[in-house]
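Single-letter residue listing:
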Amino acid sequence: MTDDTHPPETKLTTTKRRWAADGKFLTGKVTRPEDERLPPGQHLVKDWPVLDLGQQPIIRTESWRLDVRGVVEHPLSLGWADFRALPQSDRLSDMHCVTTWSRYDNRWQGVATRDLLDQVMPKPEASHVMLTSYDGYTTNLPLEDFAAEDAILATEWEGQPITRTHGGPMRLIVPHLYLWKSAKWLTRIDFRAGDAAGFWEKNGYHMRGDPWREERYSGD
Ligand SMILES: Nc1nc2c(c(=O)[nH]1)N[C@H]1C(S)=C(S)[C@@H](COP(=O)(O)O)O[C@H]1N2
Ligand SMILES: [Mo]
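For every chain, the first residue of its written sequence is number 1, and the numbers climb from 1 along that sequence. Written order determines the labels here, with chains lettered from A and ligands numbered from 1. Confidence filtering applies because this is a predicted model: local features only for residues at pLDDT of at least 70, side-chain atom pairs given and counted only at 80 or more, and all residues used for totals across whole chains, interfaces and linings. To get the side-chain values, take all heavy atoms of the structure and skip hydrogens and water.

A. Layout of the site of ligand 1. What makes a residue near a molecule or strand is one non-hydrogen atom of that residue sitting within 4 Å of it. The environment of ligand 1 is formed by 21 residues, the closest being Pro 49, Asp 135, His 166, Arg 171 and Lys 184. Distance and chemistry together define a polar contact, namely a pair of N or O atoms within 3.5 Å, with one atom able to donate a hydrogen and the other to accept it when in protein, and with adjacent residues in sequence counting only for side-chain atoms on both sides. Within the side chain of His 166, a nitrogen or oxygen atom sits 2.7 Å from an oxygen atom of ligand 1. At 2.6 Å, a side-chain N or O of Lys 184 approaches an oxygen atom of ligand 1. Class assignment for the residues of the shell around ligand 1 results in 13 nonpolar, 3 polar and 5 charged. Three classes are used, and their members are as follows: Ala, Val, Leu, Ile, Met, Phe, Trp, Tyr, Cys and Pro are nonpolar, Asp, Glu, Lys and Arg are charged, and the others, Gly among them, are polar.

If you want it as structure tokens, here you go:
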């Protein structure tokens, strides 16, 4: 996968770009009440919708790799067995998609991003990460958000391997940001001094994407 890879245009891509231009789903409420679990403008679902650019890569664990590079002391290139040998963690969290659905109480297993950070040791100038996936998808987030207590490089959901459609064999979960930041089929993490826009961020979506502040679109 190279930086020149452009995921194909799909109907969903076109629609979501138009929503960003129109400011669709913005409620104007930005403060988080103490007792409120559902972010503004969201509704609860019980199923788990599939959203992506329409290409769901098939990645065998034998050929799977995770490359971690950029401004770090110890760059890593991990195969599946190397990745599975890292400390394992459990997390329970909600997910919030910018298309307005939220799903509560998802149980994840995998490698906490903090444990990966312990291995690679970002240099002091590292401020953001850029994530690249096997389908050509990219997304960016502040290092602080990537390093959140709840953030996990997940291999299991509810005790089962994450299915291909939901980003298996490994996807990121950063539950306190909109789900587009949670890259499925993740294969590369670049630590950067400074921010750069990923796929949706170049298409009108917010650089940070905090659902509690309703940071849906750039300019919100
Ligand atoms: N690699 C990759 N990751 C991705 C996407 C994608 O198209 N490709 N879509 C994002 C978006 S917009 C959402 S809402 C979630 C959807 O995850 P799900 O299909 O497991 O619900 O994945 C995010 N991660
Ligand atoms: Mo999304």
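B. Representation of the pattern of salt bridges within the structure. Salt bridge, as applied in this entry: a Lys or Arg side-chain nitrogen positioned within 4 Å of an Asp or Glu carboxyl oxygen. Overall, the coordinates contain 13 salt bridges when judged by the stated rule. Of the charged contacts in the structure, one is a salt bridge between Arg 37 and Asp 94, with a shortest N-O distance of 2.8 Å. On the criterion of sequence distance, the pair formed by Arg 37 in the loop between helix H1 (11–22) and strand E1 (43–44) and Asp 94 in strand E4 (residues 89–96) is long-range, its members being 57 residues apart. Judged by relative accessible area, Arg 37 falls into the partly exposed class, the value being 33%. When salt bridges that share partners are traced, they join Asp 145, Arg 208, Asp 210 and Arg 213 into one network. Put simply, DSSP marks the helices as runs of H or I at least four residues long and the strands as runs of E at least two long, and each gets a number from the N terminus on. A 1.4 Å probe rolled over the protein chains alone gives each residue an accessible area, and that area as a share of the maximum for its type sets the label: buried under 20%, exposed over 50%, partly exposed in between.

C. Unusual backbone geometry, seen in detail. With omega at 15°, the peptide bond leading from Gly 168 into Pro 169 counts as cis. Along the chain, the position of Pro 169 falls in the loop between strand E9 (160–161) and strand E10 (171–173). Even without a glycine there, the phi angle at Met 121 is positive, about 50°. As for its placement among the helices and strands, Met 121 is situated in the loop between helix H3 (113–120) and strand E6 (128–133). The backbone of Glu 214 shows a phi angle near 50°, a positive value even though the residue is not glycine. Locating Glu 214 in the fold gives a position in the segment after helix H5 (199–202). On the basis of relative accessibility, which here comes to 4%, the residue Glu 214 falls in the buried class.

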